[in-house]
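The lines below spell out each chain.
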Amino acid sequence: MSVVLHLLVIALLIWGALTQKWDLGGGGGEDGQIVDAIMVDPNTMVEQYNQQKAQQTNVQKAEQERKMRSQQQEEELRQQQAKEQERLKALEMERLQAKEAAEAQRRESDAAAAKIKEEQKKAEEAVAQAKAERDKILKEQAEAKEKAEAEAKKQAEIVAAKQKEEAKAKAAAEAKAKAEADKKAAEAKAKAEADKKVAEAKAKAAAEAKAKAASQQQSKDVDNLLDGLMADGSKQSGASAAGKGGGKTGANGEGVDKYKGQLKAAIEQKFIDPDLYRGKTCELRINIAPDGLLINASIVGGDPALCQVALRAANTAKLPKPPKDIYNDVKTSRIEFKP
């Protein structure tokens, strides 16, 4: 295509140069002849060719620029169209989502409204049923009340008619029943007292036997220990007597009585329900170590029940530590308990 254009331009230039007319007359007289001559100027042709070529280059350059602008515009238009399509697509998705959300909300609203309506219906039915049941109950209560009043009136008339007849019989029956009840109560009381005495006698005998056996066993268990302690005590007493000139201080005196009182008080603090044993007595033999530790406690005599309480109290009580100068006089003490 470009070669054809170049050839066409060259041909036009040659044709234009050939068609130029030149005046070749000699002197310009009347007899002169005018001769048409064609003269070709190579420079002119080259110049015209260059102009044409420059024009063609400009045209091609302009065409290329136009095509580039066109392509750029097409690309921009395509991008704009793609963006627009994306925007429209996003809008459509938003519209569909909004539509779906609105539809879901509508369905929820319809369901809620239906549920409320159903609950209202049930509530109305429940109210109606409750009213009907209440009316039925009120009616039954009224009928029952009327019937009861009639029955009560009838019974009252019957009772009133029988009251006078039953008064004498009732008085006689009450007197007879009272006599029989008094007789049975006296018999029951006598039997209960007899049973109580028998039970107390049995319990007392069993407690005495148990206490005696326990006392004998405990006495045997501590004989050896007492012998050793007494030997140690004798040595200490001898040393004390030698240091003080052979005289006793506090023996059978206020110190012994005071300590025995403390020992008794410590044991009585552990008594359980001492008021149950008022008027009864019990005597225990208490053997203690120099630091106040209980070595042995045994029953000497007295009420078996009280002695058992006193024995348990002695085994659980925290006994006071005796003074060294009276230990030999109080290490084996007999304490009497009388709540």
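Cut-off values and rules
Residues numbered from 1 in each chain as written. Predicted model: local features only at pLDDT ≥ 70, side-chain atom pairs only at ≥ 80, totals over all residues. Heavy atoms only, no water. Helix = DSSP H or I, 4+ residues; strand = E, 2+ residues; numbered from the N terminus. Buried < 20%, exposed > 50% of the residue type's maximum accessible area, 1.4 Å probe, protein only. Contact = heavy atoms within 4.5 Å. Areas by Shrake-Rupley, 256 points an atom, 1.4 Å probe, with all protein chains shown as cover. Pairing = 2+ DSSP bridges. Axes fitted to C-alpha atoms, helices over the stretch in contact; angles between N-to-C directions. Core = buried A, V, L, I, M, F, W, Y, C linked by side-chain atoms within 4.5 Å. Disulfide = S-S within 2.5 Å. Expected span 1.5 Å × (residues − 1). pLDDT = per-residue confidence, 0-100. Polar contact = N/O pair within 3.5 Å; in protein donor to acceptor, adjacent residues only side chain to side chain. Phe/Tyr/Trp six-rings, centres within 6.5 Å; stacked < 30°, edge-to-face > 60°.

1. Brief notes about the overall build of the chain
Thought 1: For the chain, the count of helices and strands is 5 helices and 3 strands.
Thought 2: Within the chain, the proportion of its 339 residues that are buried is 15%.
Thought 3: Put simply, 70% of the contacts in the chain that link residues at least 6 apart link residues at least 24 apart.
Thought 4: Counting every atom, the chain has about 26,300 Å² of accessible surface; 55% of that belongs to carbon and sulfur.

2. What about the pairing of strand β2 (residues 294-302)?
Thought 1: Direction of pairing for strand β1 (residues 282-288) relative to β2: antiparallel, over a ladder of 7 bridges. By the bridge assignment for β2, Ile 288 is matched with Leu 294.

3. Comments concerning the sheet that holds β1
Thought 1: Within the open sheet, the 3 strands sit side by side as β2-β1-β3. Their pairing is antiparallel. One side of each edge strand has no neighbouring strand; the edge strands of this open sheet are β2 and β3 (332-337). Ignoring strand direction, the axes of neighbouring strands in this sheet form an average angle of 25°.
Thought 2: Bridge count between β1 and β3: 6 bridges; the pairing is antiparallel. Counted as the bridge partner of Glu 283 is Glu 336 from β3.
Thought 3: Along the sheet, helix α4 (residues 304-316) contacts β1, β2 and β3; its crossing angle with β2, the most-contacted strand, is approximately 170°.

4. Digging into the nonpolar core
Burial of nonpolar side chains together is a common tendency in soluble globular proteins.
Thought 1: Ranked by size, the top nonpolar core spans 26 residues in total, and within it Ile 267, Phe 271, Leu 284, Ile 286, Leu 319 and Phe 337 carry the most contacts.
Thought 2: Going through the elements one at a time, α3 (254-268), β1, β2, α4 and β3 are the ones with two or more residues in this core.
Thought 3: Here this core gets 7 residues from one element, more than from any other, and that element is α4.

5. Looking at the state of the cysteines
Thought 1: Summed over all chains, the structure comprises 1 disulfide.
Thought 2: In this model Cys 282 forms its disulfide with Cys 307; the gap between the sulfur atoms is 2.0 Å. Across the S-S bond of Cys 282 and Cys 307 the torsion is about 120°, and the bridge reads as right-handed. A residue pair is termed long-range when its members are at least 10 positions apart, and Cys 282 in strand β1 and Cys 307 in helix α4 qualify at 25 residues.
Thought 3: With relative accessibility at 1%, the residue Cys 282 sits in the buried group.

6. Side note on α3
Thought 1: Here α3 spans 21 Å end to end across 15 residues, near enough to the 21 Å set by a 1.5 Å rise per residue.
Thought 2: Where α3 is buried, its residues touch β1, α4, α5 (327-330) and β3.

7. A look at the confidence of the model for the chain
Thought 1: Of all residues in the chain, 71% have pLDDT values of 70 or greater, and the mean over the chain is 78.
Thought 2: When mean pLDDT is taken per element in the chain, β1 scores highest with 97 and helix α1 (residues 2-18) scores lowest with 68.
Thought 3: In this model residues 21-30 is a low-confidence stretch, pLDDT under 50, and it forms 12 contacts with partners more than four residues away in sequence or in other chains.
Thought 4: Taken together, the stretch residues 233-251 has pLDDT below 50 and engages in 10 contacts with residues farther than four places along the chain or on a different chain.

8. Quick look at unusual backbone geometry
Thought 1: Of note in the backbone geometry, Asp 273 takes a positive phi value of approximately 50° without being a glycine.
Thought 2: By relative accessible area, which is 48% here, Asp 273 ends up partly exposed.

9. Quick look at α4
Counting along an α-helix, one turn takes 3.6 residues, and residues three or four places apart therefore face a common direction.
Thought 1: Between its first and last C-alpha, α4 extends 19 Å over 13 residues, near the 18 Å set by a 1.5 Å rise per residue.
Thought 2: Among all positions in α4, only Pro 304, Leu 306, Cys 307, Gln 308, Val 309, Ala 310, Leu 311, Ala 313 and Ala 314 are buried.
Thought 3: One side-chain oxygen of the residue at the start of α4 lies 3.2 Å from the amide nitrogen of Ala 305, identifying that residue as Asp 303.

10. Examining the packing of aromatic side chains
When we look at a pair of aromatic rings, we describe it by the centre distance and by the angle of the planes.
Thought 1: Within the structure shown, the criterion is met by 1 aromatic pair.
Thought 2: For the pair Phe 271 and Phe 337, a centre-to-centre distance of 5.6 Å together with 45° between the ring planes defines the contact as tilted. Of this pair, Phe 271 sits in the loop between α3 and β1 while Phe 337 sits in strand β3, placing them 66 residues apart in sequence. We note that Phe 271, like Phe 337, is buried.

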